Amino acid sequence: MLSTRVPVYNACYKEGNKDLLNCTKTLENKSKRTFAYEMKQERDIKRSSDPLEKELSYHGLVYMPKINKRNPQPLIKKKHVFERANTDTNAQNLESRILIPNTTTEDASESIESQLARLNHIIKNPPPAKLNPNGWPDKDVYDPELDKIFWWRNDHVLNEFHEHWHLVIVRGDDNTRKNRDGEIFIHTHRQLLARYDADRLCVGLEKVTPLPDLVSPIPDPFYPHPYLFAKWNNTRVHFTARPANQTLNDIVEIINGKVSVYTISELEEERQSLIEWVDGGTNIKHPIPLKRIDSDASILGLDAALHFHLIGHKVLSRIMNPYTINYPLGVLTGPRAGIRDPLFLKWHRYVDNIFLRWQNYLGPSDFHYDAPNVTIRTTDIILSFTDVLLKVYPDGQKDEWSEFGKKTFGGSNFDVDFTNRPIVTNEFHTKMKYREYVWREDLFDKENISYVFPRDWHYFLRVTNEVNITSIITFRIFIVPEVFSDSIVHWIELDKFKTILKTLEKTVIVREVDKSIIIRKPAQKTESQFDESQIISSLQKTNSGLTAQALSEKLFCHCGWPYHMILPRGTKGEGTKFKMIVFISDGTNDMVPLYDQCGSTVLCGAKKWTDKFPDIRPMGYPFNRPFKNGSYEKTFKGLHNVAIKGIAIIWKDDDFSEF
């Protein structure tokens with residue numbers, strides 16, 4: 001049973017009334033509030049003849065005795081009753097050891113309306129953020145024009161991808177789940193964090209730092225876009241702004257017609273129980289040990305997602321209205337706009353660090369025992385811009401560049417180093433584009449926005465089959481900022497695809513960037529294609545009668561990383577230095593598709609609800625385990641199935657052709 005103890009702290013806000021019974025010690029400046037926090041410390045509850053006062057105090061709620069008469073009926077306390085899952089919800093039996101919370105509450109003779117009315121009068125919220133008529137605060141408080149990474153977090157298609165992802169990766173109406181969805185949860189959000197950190201580096205910012213704990217003030221503020229609205233009580237209202245230096249507090253919420261209380265101490269206990277489980281122990285929430293094998297990744301990911309991560313989002317979204325109900329929430333309440341808040345990234349790095357802790361226990365992989373008999377060299381990674389290719393071979397797109405690649409880079413040229421040839425590049429290029437965006441999911445306001453866009457390129461990958469049998473192989477392509485290269489969580493997956501090699505074949509494999517398994521397909525490159533992602537009211541109405549499983553399958557093709565953000569923006573001039581790796585694994589049994597027709601099976605799972613994830617290897621492979629001696633170079637040194645080369649990503653001022 002979860003403890004309902006909460007940390008000892010002053011729960012009163014500054015008040016002019018000095019006669020408040022429980023407010024003899026007023027808080028200092030609200031932005032400097034801290035908690036005296038100890039997990040096992042008993043609360044010093046002031047004795048009172050009023051049962052409600054004791055009950056509120058027990059839950060860390062503010063007692064306002066200006067209300068002279070009240071019903072002594074105690075506040076309903078949330079209870080967690082854990083039961084073993086008795087059905088196998090995964091084809092590989094990965095989730096059958098998850099503990100499922102069964103939330104129950106005590107019966108109350110008092111009506112919910114009465115409880116809420118009493119809470120809303122008793123509890124005092126912190127003052128709301130001060131906003132100007134344009135919807136933004138004073139520029140000395142927050143100025144979006146000075147936010148170097150505003151364009152990334154507020155990219156509309158990126159946020160729409162996150163919204164689609166949560167509709168595709170969801171629990172079914174019959175409580176079934178998509179194969180390996182807990183692992184998908186970790187991998188997708190880790191990739192999001194890796195890309196965000198890469199773009200932060202490109203604009204001169206440090207990588208995301210996780211929340212230090214659950215009690216320290218959060219220094220950076222967040223002010224939602226004035227054109228962004230939330231659905232609330234059958235109307236549209238603005239999401240709640242979050243000024244700087246707010247702290248987390250206990251919250252109350254209605255669940256199934258009952259009032260529930262979530263405490264910071266419960267959230268910390270969830271974290272501690274996860275840590276204990278990851279470290280090899282067991283506890284009341286995790287009575288079955290977590291194995292240190294790759295297949296338990298989904299078990300850990302699902303448990304973290306459903307409990308610690310989910311409760312954290314509830315608490316974070318109510319940071320400005322912690323003790324009240326029927327107030328608008330912050331963007332962290334749901335997937336539609338959560339990425340816009342920097343706190344989303346801090347929270348998910350906090351969650352991901354728990355998963356990384358478990359991965360570190362797995363130890364490094366020994367790829368010498370997991371390599372197909374193929375060879376690829378650094379000079380075999382050949383990159384060419386599509387517009388440059390068309391100038392020398394206008395008919396290339398008709399034959400998908402296969403004949404051109406074999407004739408130019410294969411045959412008698414198979415061992416030639418093309419590094420410094422005009423047709424080949426060691427750079428990726430990006431630019432910033434501008435367009436008018438209509439907020440069709442809100443009130444149809446119009447705004448001029450900017451977004452990053454890549455210069456199309458092709459991979460030409462030369463590979464040799466060293467054995468006298470047909471080989472099926474999988475290419476896995478990643479990049480990483482050079483300065484982050486020894487961190488497994490910062491390698492960005494660009495593509496993954498399978499091919500077949502004839503016996504002893506030396507060949508050139510061609511791959512277009514807009515066929516990437518990472519992105520939504522067909523690639524969104526035009527304004528009309530961008531706007532197809534919006535989940536407008538008419539689409540919601542059309543889908544309203546579908547089961548969760550049917551909706552997941554219907555929206556799968558809309559789920560994938562935005563093409564225009566496939567690369568970090570880079571920097572001007574010489575660009576930002578990255579490392580690229582092409583890792584070849586045995587593709588015999590991994591079911592990786594030769595070509596995804598739509599959606600992203602890497603980030604969104606299998607297209608059909610009951611299908612298995614189309615890769616038998618751990619997600620993020622070969623970056624799912626720690627490096628040998630903390631070095632990626634030592635880990636991949638001497639492997640004939642791996643090639644690594646340096647590239648630069650350059651943000652260009654001049655325009656380039658698009659396809």
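Residues numbered from 1 in each chain as written. Predicted model: local features only at pLDDT ≥ 70, side-chain atom pairs only at ≥ 80, totals over all residues. Heavy atoms only, no water.

*Asks:* I tried to follow the overall build of the protein on my own but got confused; where do I start?
*Replies:* On a plain count of helices and strands, the protein comes out with 15 helices and 16 strands. Per-residue burial for the protein yields a buried fraction of 58% across its 659 residues. Within the protein, residue pairs in contact and separated by at least 24 positions form 78% of the contacts whose partners lie at least 6 positions apart. About 28,100 Å² of surface is accessible on the protein, with carbon and sulfur atoms providing 50% of the total. (Helix = DSSP H or I, 4+ residues; strand = E, 2+ residues; numbered from the N terminus. Buried < 20%, exposed > 50% of the residue type's maximum accessible area, 1.4 Å probe, protein only. Contact = heavy atoms within 4.5 Å. Areas by Shrake-Rupley, 256 points an atom, 1.4 Å probe, with all protein chains shown as cover.)

*Asks:* Help me out: how do you make sense of the sheet that holds strand E9 (residues 427-438) in this one?
*Replies:* In a beta sheet, neighbouring strands are held together by backbone hydrogen bonds and run either parallel or antiparallel to one another. If you trace the six strands from one edge of the open sheet to the other, you get E10-E9-E16-E15-E12-E13, paired in mixed fashion. Each end of this open sheet is capped by a strand with a single partner; those strands are strand E10 (446-454) and strand E13 (492-501). Averaged over neighbouring strand pairs, the angle between their axes works out to 25 degrees when direction is ignored. Pairing geometry for E9 and E10, over nine bridges, is antiparallel. Paired with threonine 430 across the strands is proline 454, a residue of E10. Its contacts with the sheet put helix H5 (residues 181-202) on strand E12 (471-481), E13 and strand E15 (576-586), and the angle it makes with E13 is roughly 120 degrees. (Pairing = 2+ DSSP bridges. Axes fitted to C-alpha atoms, helices over the stretch in contact; angles between N-to-C directions.)

*Asks:* Any chance you could explain the packing of aromatic side chains here in plain terms?
*Replies:* Each aromatic ring pair is summarised here by two numbers: the centre-to-centre distance and the angle between the ring planes. Under the counting rule described, the total for this entry stands at 35 aromatic pairs. Each ring, one from phenylalanine 475 and one from phenylalanine 497, has its centre 5.1 Å from the other, and the planes form 25 degrees; the classification is stacked. Here phenylalanine 475 is found in strand E12, whereas its partner phenylalanine 497 is found in strand E13, with 22 residues between them in sequence. The residues phenylalanine 475 and phenylalanine 497 share a single accessibility class, namely buried. Ring geometry for tryptophan 491 and phenylalanine 623: centres 4.5 Å apart, planes at 10 degrees, overall stacked. Here tryptophan 491, found in the loop between E12 and E13, pairs with phenylalanine 623, found in the loop between helix H14 (601-604) and helix H15 (632-636); they are 132 residues apart in sequence, far enough to count as distant. Judged by relative accessible area, phenylalanine 623 falls into the buried class, the value being 3%. One aromatic cluster is present, formed by Phe367, Phe478, Trp491, Phe583, Tyr621, Phe623, Phe627, Tyr632 and Phe636 through successive ring pairs. Taking the ring centre of phenylalanine 656 as reference, the NZ or CZ of lysine 431 above it sits at 4.4 Å. (Phe/Tyr/Trp six-rings, centres within 6.5 Å; stacked < 30°, edge-to-face > 60°. Lys NZ or Arg CZ within 6 Å of the ring centre and 35° of its normal.)

*Asks:* How should the nonpolar core be read in this particular structure?
*Replies:* Looking at soluble globular proteins, one finds that nonpolar side chains tend to be buried together. Ranked by size, the top nonpolar core spans 69 residues in total, and within it Trp152 and Trp561 carry the most contacts. Counting only elements with at least two residues in this core, the list comes to helix H3 (150-153), helix H4 (156-168), H5, helix H6 (264-278), helix H7 (297-317), helix H8 (342-362), helix H13 (548-555) and H14. Other than its neighbours up to four places away in sequence, tryptophan 561 contacts Trp152, Leu158, Phe161, Leu192, Arg195, Ile518, Ile519, Arg520, Ile566 and Leu603. If you look at the next biggest cluster of nonpolar residues, it comprises 38 residues, including Ile376, Tyr459, Leu501 and Leu567. (Core = buried A, V, L, I, M, F, W, Y, C linked by side-chain atoms within 4.5 Å.)

*Asks:* Teacher, can you tell me more about the state of the cysteines here?
*Replies:* Covalent bonding between the sulfur atoms of two cysteines defines a disulfide. The full count for this structure, using the stated rule, is two disulfides. With a sulfur-sulfur separation of 1.9 Å, cysteine 557 is cross-linked through a disulfide to cysteine 598. Where cysteine 557 bonds to cysteine 598 through sulfur, the torsion about that S-S bond is close to -45 degrees, and the disulfide is left-handed. In this pair, cysteine 557 sits in the loop between H13 and E15 while cysteine 598 sits in the loop between E15 and H14, placing the two residues 41 residues apart along the sequence. Given a relative accessible area of 24%, cysteine 557 falls into the partly exposed group. Accessibility expressed as a relative area gives 11% for cysteine 598, which makes it buried. The residue that forms a disulfide with cysteine 559 is cysteine 604, at a sulfur-sulfur distance of 2.0 Å. Residues cysteine 559 and cysteine 604 are joined through a disulfide that is left-handed, its torsion about the S-S bond being -80 degrees. Of the two residues, cysteine 559 sits in the loop between H13 and E15 while cysteine 604 sits in helix H14, which places them 45 residues apart along the sequence. Classification of cysteine 559 by relative accessible area gives buried; the value is 0%. (Disulfide = S-S within 2.5 Å.)

*Asks:* Please clarify how helix H10 (residues 402-409) should be interpreted in this entry.
*Replies:* Think of an α-helix as turning once every 3.6 residues; residues three or four places apart then point the same way. Taken as a whole, H10 has its buried residues at Phe404, Gly405 and Phe409. Projected down its long axis, H10 carries its buried residues within an arc of 95 degrees, all on one side. In this structure, the buried residues of H10 make contact with strand E8 (381-385), helix H9 (386-392), strand E11 (457-465) and strand E14 (506-512). The first or second residue beyond H10 is glycine 411, which carries a positive phi of 55 degrees. (Arc of directions from axis to C-beta.)

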